[in-house]
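Residues per chain are reported as follows:
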Amino acid sequence: MTRTAKLTIIPPGRPLSGRAMPPGSKSITNRALLLAGLAKGTSRLTGALKSDDTRYMAEALRAMGVAIDEPDDTTFVVTGSGRLLPPKAPLFLGNAGTATRFLTAAAALVDGTVIVDGDEHMRKRPIGPLVEAMRTLGIDATAETGCPPVTVKGTGRFQADRIRIDGGLSSQYVSALLMMAAGGDRPVDIELVGEDIGALGYIDLTTAAMKAFGAKVEKTSPVTWRVEPTGYRAADFIVEPDASAATYLWAAEVLTGGAIDLGVPSDTFSQPDARAYDIIAKFPHLPAEIDGSQMQDAVPTLAVLAAFNETPVRFVGIANLRVKECDRIRALSTGLNRIVSGLAHEDGDDLIVQSDPALAGKRLPADIDSFADHRIAMSFALAGLKIDGITILDPDCVGKTFPAYWRTLAALGVTYQDND
Ligand SMILES: O=C(O)C1=C[C@@H](OP(=O)(O)O)[C@@H](O)[C@H](O)C1
Ligand SMILES: C=C(OP(=O)(O)O)C(=O)O
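Note that the structure is predicted; figures quoted are calculated from it, not measured. (Residues numbered from 1 in each chain as written. Chains lettered and ligands numbered in written order. Predicted model: local features only at pLDDT ≥ 70, side-chain atom pairs only at ≥ 80, totals over all residues. Heavy atoms only, no water.)

Remarks on the domain arrangement of the chain
- Assigned domains of the chain: these are domain 1 (6-23 + 242-417) and domain 2 (26-238).
- Opposite the 21 residues of domain 1 that make contact, domain 2 presents 23 residues.
- Interface area for domain 1 against domain 2, summed over the two sides, is near 1600 Å², with a carbon-plus-sulfur share of 50%.
- By the criterion of area lost to domain 2, the three top residues of domain 1 are Pro-272, Val-323 and Lys-400, representing 30% of everything that side buries.
- For the pair domain 1 and domain 2, the interface holds one salt bridge.
- Lys-400 is the partner of Asp-53 in a salt bridge, and the nearest nitrogen-oxygen pair spans 2.7 Å.
- Here domain 1 and domain 2 share nine residue pairs in polar contact (both at pLDDT 80 or more) between them.
- Among the residues making up the side of domain 1 that touches domain 2, the classes are represented as five nonpolar, nine polar and seven charged. (Domains from an automatic or database assignment. Contact = heavy atoms within 4.5 Å. Buried area = accessible area lost by both parts, 1.4 Å probe. Salt bridge = Lys/Arg side-chain N within 4 Å of Asp/Glu carboxyl O. Polar contact = N/O pair within 3.5 Å; in protein donor to acceptor, adjacent residues only side chain to side chain. Nonpolar A, V, L, I, M, F, W, Y, C, P; charged D, E, K, R; others polar.)

The structure is reproduced here in structure tokens:
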């Protein structure tokens, strides 16, 4: 399929209203796929996300002997043997952080060599702390650059009573070790060391998914979890809609003064980004300071929304946005300044957005570089709902987590200029 080079959004000039469902949660789908793949028997995952990130996870599991059927657009039927087999070739995981981190740890449960690799962006995303933690358990894992590729020469087992991990750069290291730990042969305590981690809510998603697949995991202190060596059991599992995807629809609603029915109340999500709903609902009176640490993937949405707020907004607690799909702090300041010079600036790892409600209704032609990052493309599309001339470069990068994004906006009445 040829990729679309760019997409110019035509401001709808009226409130966006109607029904628009976010897809299934990326985070939950990729946890459930892995846990179902580690279990013996057949699991049925419904409401699941089908996107680049979950396809990479499913393909990798297939390469390790897991049978995965896809009877429809939102279901995976996963049959595992209770063991992952060594793949014949390196696992290629694109820029899927969850798949890359989770499979790196799970590779320790394989008797043989697994090479975990990704695209040029993933090869810049740090994985050293996870690899180091695995090495302290005697697992033969190496990542020469501190980023993928990672080579794990597993024996199918590991010896550990306690694993210490610094999740400051990514909570996914902790989630990866927790999911691996149930495959051990004795109880393991997993302890966070170093800086507080952002988005502790992702650890809760992990332990909830583990329990749904039969694991016994318990939080024994604010920074420690004990995992019993139960392995996993096949289960039928419903994936909730994606809260990060929902943030674009919530923001589109308040920006245009519309009424968008997502089919799911904001307070029923278990994912961390659902916290953004209460903040978005305050628009155009967003707080002067927003701590993004516990809703990191919602920050691009909030930052673009902040450009139309009545007063400036400082985003704090977002340092690790610099090691996501791209340096999101830089991508946001670059894009906002492309619209109007001085609209945003960086102060260390904080992002300050100089709000201007008068932006709405103006014609300000700007090509927005997505930096191959789905969230940059999706959040700047929001600016295009109010400003004439916003063009998103590489719009197909939304396929990472929300392939139907442009169609979903179109169904609400958004139109696009044909650039080709
Ligand atoms: O565990 C997860 O599913 C995720 C954790 C977060 O990443 P980090 O833990 O790397 O900050 C988040 O940004 C990512 O989209 C999904
Ligand atoms: C950071 C993200 O993804 P991941 O780390 O899973 O690649 C994201 O989806 O915003």
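Here the narrative resumes.
Some words on the site of ligand 2
- Lining the immediate environment of ligand 2, one finds 14 residues, of which Lys-26, Gly-97, Arg-125, Arg-375 and Lys-400 sit closest.
- Between ligand 2 and Lys-26 there is a distance of 2.7 Å, counted from an oxygen atom to a side-chain nitrogen or oxygen.
- At a separation of 3.0 Å, an oxygen atom of ligand 2 approaches a polar side-chain atom of Gln-172.
- Calculation on ligand 2 without its partners gives an accessible area of 290 Å², and the protein chains cover 98% of this total.
- Mapped by element, the contributors of at least two residues to the shell around ligand 2 are helix H3 (97-106) and helix H11 (374-383).
- Partitioned by chemical class, the residues of the shell around ligand 2 number one nonpolar, five polar and eight charged.
- Split by domain, the shell around ligand 2 shows at least three residues from each of two domains, domain 1 (6-23 + 242-417) and domain 2 (26-238). (Near = heavy atom within 4 Å. Areas by Shrake-Rupley, 256 points an atom, 1.4 Å probe, with all protein chains shown as cover. Helix = DSSP H or I, 4+ residues; strand = E, 2+ residues; numbered from the N terminus.)

Thoughts on the packing of aromatic side chains
- For the coordinates displayed, the defined rule picks out eight aromatic pairs.
- Consider the rings of Trp-406 and Tyr-416, whose centres lie 5.9 Å apart with planes at 90 degrees: the pair is edge-to-face. Of this pair, Trp-406 sits in helix H12 (residues 405-411) while Tyr-416 sits in strand S22 (residues 415-417), placing them 10 residues apart in sequence.
- The class of Trp-406 is buried, set by a relative accessible area of 11%.
- Residue Tyr-416 is classed as partly exposed on the basis of its relative accessible area, which comes to 24%.
- Counting every residue linked through ring pairs, the aromatic cluster contains Tyr-248, Phe-402, Tyr-405, Trp-406 and Tyr-416.
- The lysine or arginine in question, Lys-50, covers the ring of Phe-76, its NZ or CZ lying 4.6 Å from the ring centre. (Phe/Tyr/Trp six-rings, centres within 6.5 Å; stacked < 30°, edge-to-face > 60°. Buried < 20%, exposed > 50% of the residue type's maximum accessible area, 1.4 Å probe, protein only. Lys NZ or Arg CZ within 6 Å of the ring centre and 35° of its normal.)

Observations concerning the side chain of Thr-408
- Along the chain, the position of Thr-408 falls in helix H12.
- There is a polar contact of 2.7 Å between the side chain of Thr-408 and the backbone oxygen of Ala-404.
- Not counting the four nearest positions on each side in its chain, Thr-408 is found in contact with Ala-20, Leu-249 and Phe-402.

So, the site of ligand 1
- Lining the immediate surroundings of ligand 1 are 13 residues, of which Ser-27, Ser-170, Ser-171, Asp-297 and Lys-324 lie closest.
- Side-chain polar atom of Gln-296 to an oxygen atom of ligand 1: 3.0 Å apart, as the coordinates give it.
- Look at ligand 1: alone it shows 390 Å² of surface, and the protein chains cover 96% of it.
- Where the shell around ligand 1 is concerned, the elements lending two or more residues are helix H1 (26-38) and H3.
- Element by element, the count of residues in the shell around ligand 1 is highest for H1, at three residues.

Considering the pattern of salt bridges
- Summed over the entire model, instances satisfying the criterion amount to 26 salt bridges.
- Among the salt bridges present, the one from Asp-117 reaches Arg-123, with a minimum N-O distance of 2.6 Å.
- Relative accessible area serves as the criterion here: at 12%, Asp-117 is assigned to the buried category.
- The class for Arg-123 is partly exposed, based on a relative accessible area of 41%.
- For Asp-189, the salt bridge identified is with Arg-162, shortest N-O distance 3.5 Å.

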